[in-house]
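Next come the chains, spelled out residue by residue.
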Amino acid sequence: MAGNILFFTQWSFKDALVQTYTLPYINIIREIISPGRKIILVTSEQPHIALSKEENDQVNKDWKSRNMLLLPEPYKRFGLRKLIGTARNLSKLIGVIKNEKIKIIHAFCTPAGSIAYLLSKLTGADLIIDSYEPHAESMVENGTWKKGGMAYKILFSLEKRQTQRAKVLIATSAGMKQYALDRYGVAVKNFFVKPACVDLEKFSPSEKDSTLLEEFGFKNKIVCVYAGKLGGIYLKEEVFDFIKLCYDRWKNDFRFLILTNATKEEINAEVKRVNLPGNIVKSKFIYHDDVPRYLSLGDFAINPVKPVATKKYCTSIKDGEYWAMGLPVVISPQISDDSEIIEKENTGVVVDFSDNVALVGSIEKLEALIMDKVELKERIRRIALRYRSFEIAKRIYQEIYN
């Protein structure tokens, strides 16, 4: 596919989903295509992390030599108001596409793909949907939207239209091809599978960070780590029920580290509900660059995604990061291809977090797994190399763009 490229996201530039899940792929494509082909990235800036004018200018100054340009837009939550606001802004983006001779619109995820679809229709530019996975039905399943609601109806319809129009679909799971046929009635042709790839140099097995061990009081402790949110697409009460069972088995030898933006009040309420001693759980919000240091403290990790039907077709960035660090993972069933990989490779536990009997068994299995930490870390690291290397993305983008 030839011509200048407009990359389209619904995330803020400072968001980890741009820094770790968008820019690395754009950088790969920058290296693949000729320097004369221009790249423009459109972001959706949430007020609390929005780029200042000075920051935006600095990015564009740095990018100029690479024939790249950043165009930040104000963020609006998906729904009718967003589409109305987008309609007002379409003329500006259409102008950009025409003036910059954009031939390809490359969107990440279907909410961004919805606007990219409209732009593609109005300008004739080719459409690529990357990180292609169901979003509308997922939002209903996790309780955020109602199936009869306007947001669901609009996005589901636009997901179908994206599927029909896209020249290329890059899914996060192989099962998405069948989902497109079953739910959208579209037999997809140019279809690729690219899970959430990870920087395997940044995330790698290491000794536990001695400074952090001292800070948290984790010396000689069995540590469970979790990097993520509470609620939404993730479980909440079930997480702390599991942590309580871990404490019941290992007592004061156990600690839980949660890297999250959840409030201390929210976490303390759960600690109190399950009757955990206050010193067992430590929480902190950190920026993504610091995540490897904190994950190094873990002996195992959890990924408590709600096991709703559409999660079979999604990807999970944190699993790749856990694997790259050599950590065994406790995960819900039928999450992307990851649950199956963990079970097949015996590198963690697949368990229903709402089943306390099964959870007790999972803790016993974990205890046996982590006895030989060196062998286990090496084995899990190999899984990251196999399933999460950026080489996977590079091969796909080379086929598409070169």
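Residues numbered from 1 in each chain as written. Predicted model: local features only at pLDDT ≥ 70, side-chain atom pairs only at ≥ 80, totals over all residues. Heavy atoms only, no water.

**Q** It is not clear to me how the overall build of the protein chain should be interpreted in this structure. Could you clarify?
**A** Within the protein chain, the secondary structure is distributed over 17 helices and 13 strands. Expressed along its principal axes, the backbone C-alpha trace of the protein chain runs to roughly 65 × 45 × 40 Å. Across the 402 residues that make up the protein chain, the buried fraction comes to 56%. When contacts within the protein chain are restricted to residue pairs at least 6 apart in sequence, long-range pairs at least 24 apart make up 74% of them. When the accessible surface of the protein chain is split by element, carbon and sulfur atoms take 50% of a total near 17900 Å². Positive and negative side-chain charges in the protein chain, numbering 60 and 49 respectively, have mean positions lying 7 Å apart. (Helix = DSSP H or I, 4+ residues; strand = E, 2+ residues; numbered from the N terminus. Buried < 20%, exposed > 50% of the residue type's maximum accessible area, 1.4 Å probe, protein only. Contact = heavy atoms within 4.5 Å. Areas by Shrake-Rupley, 256 points an atom, 1.4 Å probe, with all protein chains shown as cover. Lys, Arg positive; Asp, Glu negative; His and termini not counted. Charge placed at Lys NZ, Arg CZ, Asp CG, Glu CD.)

**Q** Teacher, can you tell me more about the nonpolar core here?
**A** Grouped burial of nonpolar side chains is what soluble globular proteins tend to show. Counting residues in hydrophobic clusters, the biggest one holds 68 residues, and the most contacted among them are F242, F254, F256, F300 and I302. The element that contributes the greatest number of residues to this core is helix α10 (residues 237–250), accounting for 8 residues. For F254, the contacting residues outside a window of four places in its chain are I222, C224, I243, C246, Y247, I280 and F300. The next biggest cluster of nonpolar side chains, apart from the first, holds 42 residues, and it includes A107, I115, Y132 and Y313. (Core = buried A, V, L, I, M, F, W, Y, C linked by side-chain atoms within 4.5 Å.)

**Q** Hey, could you run me through the sheet that holds strand β1 (residues 4–8) in this one?
**A** Strands pair in a sheet through their backbones, by hydrogen bonds, and they do so in one of two ways: parallel or antiparallel. Spatially, β3-β2-β1-β4-β5-β6-β7 is the arrangement adopted by the 7 strands of the open sheet, whose pairing is parallel. The open sheet is flanked by β3 (68–74) and β7 (191–193), the only strands paired with a single partner. Sheet twist, expressed as the average angle between the axes of neighbouring strands with direction ignored, equals 20°. In this structure, strand β2 (residues 39–45) lies alongside β3, joined through 7 bridges in parallel fashion. Paired with I39 across the two strands is M68, which belongs to β3. Strands in contact with helix α2 (residues 23–32) are β1, β2, β3 and β4 (102–108); relative to β2, the strand with the most contacts, it is inclined by about 170°. (Pairing = 2+ DSSP bridges. Axes fitted to C-alpha atoms, helices over the stretch in contact; angles between N-to-C directions.)

**Q** Which parts of the structure should I look at to understand the state of the cysteines?
**A** What makes a disulfide is a covalent bond joining the sulfur atoms belonging to two cysteines. Scanning all chains against the criterion turns up 0 disulfides. Lacking any disulfide linkage, C109 is separated from the closest cysteine sulfur, that of C314, by 8.8 Å. A residue is classified by how much of its surface remains accessible, and C109, at 14% relative accessible area, is buried. The thiol sulfur of C197 is not disulfide-bonded, and the nearest other cysteine sulfur, from C109, lies at 14 Å. (Disulfide = S-S within 2.5 Å.)

**Q** Can you walk me through the packing of α10 against helix α11 (residues 264–273) in this structure?
**A** Any two packed helices are characterised by the angle at which their axes cross and by the distance between the axes. Where α10 meets α11, the axes come as close as 10 Å, and the angle between the chain directions of the two elements is 50°. By the angle between their axes, α10 is oblique relative to α11. By crossing handedness, the relation of α10 to α11 is classed as right-handed. Residues E237, F240 and D241 of α10 form the contact with α11, whose own contacting residues are I267, E270, V271 and R273. When its residues are assigned to classes, the contact of α10 with α11 shows 3 nonpolar, no polar and 4 charged. (Parallel < 35°, antiparallel > 145°, perpendicular 65-115°, else oblique. Left-handed = near helix turned anticlockwise from the far one by under 90°. Nonpolar A, V, L, I, M, F, W, Y, C, P; charged D, E, K, R; others polar.)

Without other data, these values stay purely geometric and don't point to any function.
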